[in-house]
Amino acid sequence: MLKTTHLTIALTALAAALVGRPAVADEPEFHAIFNGKDFSGWRGESTIDPRKFKAMSEEERKAKLEADAADAAQHWKVENGEMVSDGHGVFMSTEKDYGDVEFTVDFKIGPKGDSGVYLRGTPQIQIWDFTEEEKFSLGADKGSGGLWNNSPGAPGKDPLVRADSPIGEWNTMRVLQIGARTTVHLNGQLVVDDAIMENFWDRKLPLAAVGPIQLQTHGSETRFRNIKLREIDPDEANAILAERDKADGGFKPLFDGRSLDGWKGDADDYEVVDGAIRCKAGRGGTLYHEDELADFVALVEFKLPPAGNNGLAIRYPGKGGPAYDGMTELQVLDDGHEKYKTIDPRQAHGSVYGQVAAHRGYLRPVGQWNYEKVTVKGPKIQVELNGTVILDADVSQVTEFMDGSPHPGKDLTKGYFGFAGHNDPVEFREIHVKTID
């Protein structure tokens, strides 16, 4: 179970994010990423898909960064402890990449100002002049703080309220981002509530797991100050995600943290260790909970050993193999290990095993706890890993298993939830399920 200290920190951070604390100067967990004197830790950078930047040769990257630095020198300066742009040229980027963070920044724009904060190298939390009538059709009148590059109508695209200070006055923005799930407060008011930030560079892919924080400006002089940040550790991130997911109620714990009461199947192949269900090394088999489910949402934390392999049994009929006789086995796998470099994409972590591939690259390092949310409605399965949706599948559209054969169990409408062991000591804890009518 979560240690009390971690949970207390997590809930304190969550409460802070929800109410929008106005200042962080006296909070020791935050540290300044702008020193107010120079651009140490920052660099000029023109807009580019981060994948293209990483794909450049060393010589190409060097040439680009030198050109961007020369441009930044013409349009950016540090003045009175503030980072100042004249509204032209490249944007300013952290040299370091960040994943799960909470950060704050003060900004001030002028008339017709149009700016933004890029997260993980992706546009953007919008900042603009809410009085500029020429941009009302684009949503300027709704104010700043929205995830403007989200798809039309998507949660978070427009701010919930207009919270901007008058043009020419300072604003304080506070951002909490875990995975792609993004919450924004502007001047103490909630403007984006736990919305998924889309990948502007490729809508078919989730937001990158890590990337730089970038400040973009055009249209008027824009000033930034008090740029502070704290990186969120896995235990706190998991607690925040679980708190948000359980907010509407209805979840039932399936595991008491002490015993396998209520669990059936190959119980001899599993053990309870330090508040977690662990598959015994060298053993396997399927362990499933006694409650039969149709449509449901499951929340679970898991920890992988190196090359660890297990799975979540979905609508398991109580006999046979979950991957074949059940609706599916959602793979739980250290898919970055050398051992699995040649696997079929439909065998990677989070995949509907042998049927639909999940996006890769969102697991935490081996030995850390991951948080997974699984939603099963009819033939549709969604998997969210550590705050990022890595799978959104409809198995009714799958015509054959990866070996070319038909899948006998994919159309089951009910069954059991559990774990499909494969000889590795994979651990599970904080297991909760909510049924869906």
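Our subject is the structure that appears above.
None of the values given here were measured: they were computed from a predicted structure.

Draft legend 1. Spatial organisation of the packing of aromatic side chains. Counting across every chain of the model gives 13 aromatic pairs. On the basis of an interplanar angle of 15° and a centroid distance of 5.4 Å, the ring pair of W263 and F419 is categorised as stacked. Taken together, the positions of W263 in strand β15 (residues 263-265) and F419 in strand β25 (residues 415-422) put the pair 156 residues apart, joining distant regions of the chain. Residue class for W263 comes out buried when judged on its relative accessible area of 7%.

Draft legend 2. Examining the side chain of N149 more closely. Positionally, N149 belongs in the loop between β8 (122-128) and β9 (171-178). A polar side-chain atom of N149 sits 3.5 Å from the main-chain amide nitrogen of Q124. For N149, the contacting residues outside a window of four places in its chain are P123, Q124, E198, F200 and R203.

Draft legend 3. Spotlight on the environment of F296. Its place among the elements puts F296 in strand β19 (residues 296-303). Dropping the residues within four chain positions of it, F296 is found in contact with I314, V374, T375, V376, F417, V433, K434, T435 and I436.

Draft legend 4. Region of interest: the sheet that holds strand β18 (residues 284-293). The antiparallel open sheet is built from 5 strands, whose spatial order is β15-β18-β25-β20-β21. The two strands at the open ends of the sheet, each matched to only one other strand, are β15 and β21 (328-333). Neighbour-to-neighbour, the strand axes of this sheet turn through a mean angle of 25°, independent of strand direction. Sheet analysis places β15 next to β18, joined by 3 bridges and oriented antiparallel. Bridge pairing in β18 places W263 opposite H289.

Draft legend 5. Local environment of the sheet that holds strand β7 (residues 114-119). What the 5 strands build is an open sheet, ordered β2-β5-β12-β7-β8; its pairing is antiparallel. This sheet does not close on itself; its edge strands, each paired only once, are β2 (42-45) and β8. For this sheet, the mean angle separating the axes of adjacent strands, direction not counted, is 25°. Where strand β5 (residues 91-94) lies against strand β12 (residues 214-218), 2 bridges are found, and the strand directions are antiparallel. Directly across from M92, in β12, lies its bridge partner L215. Each of β2 and β5 is contacted by helix α3 (residues 58-75), which is oriented at about 95° to β2, the strand it contacts most.

Draft legend 6. Up close: the pairing of strand β20 (residues 309-316). Burial analysis of β20 places 8 of its 8 residues in the buried class, the great majority of the element. Examined bridge by bridge, β20 and β21 share 6 bridges and lie antiparallel to one another. In the strand pairing of β21, N309 is matched with L333. One ladder, built from 3 bridges, connects β20 with β25; its direction is antiparallel. Residue pairing for β25: A313 is matched across the bridge by G418.

Draft legend 7. Spatial organisation of unusual backbone geometry. Here the residue pair P123 and Q124 is connected by a cis peptide bond, since its omega of -20° sits within 30 degrees of zero. Structurally, the position occupied by Q124 is in strand β8. In this model, N187 sits at a positive phi of 50°, which is unusual for a non-glycine residue. Following the sequence through the fold, N187 ends up in the loop between β10 (181-186) and β11 (189-196). Of note, the phi angle at D274 is positive, near 50°, even though the residue is not glycine. Assignment of secondary structure puts D274 in the loop between β16 (270-273) and β17 (276-279). Given a relative accessible area of 75%, D274 falls into the exposed group.

Basis of the calculations
Residues numbered from 1 in each chain as written. Predicted model: local features only at pLDDT ≥ 70, side-chain atom pairs only at ≥ 80, totals over all residues. Heavy atoms only, no water. Phe/Tyr/Trp six-rings, centres within 6.5 Å; stacked < 30°, edge-to-face > 60°. Helix = DSSP H or I, 4+ residues; strand = E, 2+ residues; numbered from the N terminus. Buried < 20%, exposed > 50% of the residue type's maximum accessible area, 1.4 Å probe, protein only. Polar contact = N/O pair within 3.5 Å; in protein donor to acceptor, adjacent residues only side chain to side chain. Contact = heavy atoms within 4.5 Å. Pairing = 2+ DSSP bridges. Axes fitted to C-alpha atoms, helices over the stretch in contact; angles between N-to-C directions.

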